[in-house]
Amino acid sequence: MLLTLIKTRETRYGVYAVLIETNHVFGDKYLAEVYIPIDEVPQELIYRVSVPRSGMCLYGKHAPWLWPNREIRKLVEGYLRGIESSGEEIRLEITNYDQI
């Protein structure tokens, strides 16, 4: 599975981004909008994602993203945990809005 994190807006304190499930057969699926503090913004690469009970991790390092609310975070992480438990690997591509 491929997730795409699209940086939509940048402030001096952090970056607003949209998390999308990329699916070339059935179409892309919007998952959530997140806020990433400026010192935690990942580089524009592709990362392997794991989703333990403690939250989403990129290459084993916890992703300290701020979600709109706890309910959305639990839904998205539960959805990704279900995909991960089926044996499918999850990858996250980081990109800017103007590069699409």
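The shown structure was predicted, so the numbers you read here are calculated from the model rather than taken from an experiment.

Caption draft 1: Seen up close, helix H1 (residues 70–85). In a regular helix each residue adds 1.5 Å, so 16 residues correspond to 22 Å; H1 covers 22 Å between its end C-alpha atoms and thus fits that length. Within H1 the residues assigned to the buried category are Val76, Glu77, Leu80 and Ile83. Angular distribution of buried residues about the axis of H1 spans 115°; they occupy a single face of the element. Seen from the open side of H1, the exposed residues pointing more than 90 degrees away from its buried face are Arg70, Glu71, Lys74, Leu75 and Ser85. Buried-residue contacts for H1 involve strand E1 (2–10), strand E2 (14–22), strand E3 (29–37) and strand E7 (90–96). Sitting at the head of H1, asparagine 69 places a side-chain oxygen 3.2 Å from the backbone nitrogen of glutamate 71. Phi turns positive one or two residues past the end of H1, at glycine 87, with a value near 100°.

Caption draft 2: Just the packing of aromatic side chains, in detail. Following the criterion strictly, the structure yields three aromatic pairs and no others. The side chain of arginine 9 reaches across the aromatic face of tyrosine 16, ending 4.1 Å from its centre. Over the ring of tyrosine 79 we find lysine 29, and its NZ or CZ is 4.2 Å from the ring centre.

Caption draft 3: Just the sheet that holds E3, in detail. Taken in spatial order, the seven strands of this open sheet run E3-E2-E1-E7-E4-E5-E6, and their pairing is mixed. Edge positions in the open sheet fall to E3 and strand E6 (61–62), since each of these has one partner strand only. By the bridge criterion, two bridges tie strand E4 (residues 46–50) to strand E5 (residues 57–58) in an arrangement that is antiparallel. In the strand pairing of E5, valine 49 is matched with leucine 58. Sitting on the sheet, H1 touches E1, E2, E3, E4 and E7, and the angle it makes with E3 is about 115°.

Caption draft 4: Spotlight on the side chain of glutamate 21. Examined against the element boundaries, glutamate 21 turns out to sit in strand E2. Although glutamate 21 is buried, it forms no salt bridge, and the closest oppositely charged side chain is lysine 29 at an N-O distance of 4.4 Å. Polar contacts involving the side chain of glutamate 21 include one to the side chain of tyrosine 79, which spans 2.6 Å. If near-sequence neighbours (up to four positions away) are discounted, glutamate 21 is found in contact with Met1, Leu2, Leu3, Gly27, Asp28, Lys29, Leu31 and Tyr79.

Caption draft 5: Structural view of the pattern of salt bridges. Applying the stated criterion to the full structure yields four salt bridges. Between glutamate 44 and lysine 7 there is a salt bridge whose closest N-O contact spans 3.5 Å. With glutamate 44 in the loop between E3 and E4 and lysine 7 in strand E1, the pair connects residues that are 37 residues apart, well separated along the chain. According to the relative accessible area criterion, lysine 7 is buried, its value standing at 13%. Between glutamate 89 and arginine 91 there is a salt bridge; the shortest N-O distance is 3.2 Å. By relative accessible area, glutamate 89 is classed as partly exposed at 44%.

Calculation criteria
Residues numbered from 1 in each chain as written. Predicted model: local features only at pLDDT ≥ 70, side-chain atom pairs only at ≥ 80, totals over all residues. Heavy atoms only, no water. Helix = DSSP H or I, 4+ residues; strand = E, 2+ residues; numbered from the N terminus. Expected span 1.5 Å × (residues − 1). Buried < 20%, exposed > 50% of the residue type's maximum accessible area, 1.4 Å probe, protein only. Arc of directions from axis to C-beta. Contact = heavy atoms within 4.5 Å. Polar contact = N/O pair within 3.5 Å; in protein donor to acceptor, adjacent residues only side chain to side chain. Phe/Tyr/Trp six-rings, centres within 6.5 Å; stacked < 30°, edge-to-face > 60°. Lys NZ or Arg CZ within 6 Å of the ring centre and 35° of its normal. Pairing = 2+ DSSP bridges. Axes fitted to C-alpha atoms, helices over the stretch in contact; angles between N-to-C directions. Lys, Arg positive; Asp, Glu negative; His and termini not counted. Salt bridge = Lys/Arg side-chain N within 4 Å of Asp/Glu carboxyl O.

Function cannot be inferred from these measures alone, as they are strictly geometric.
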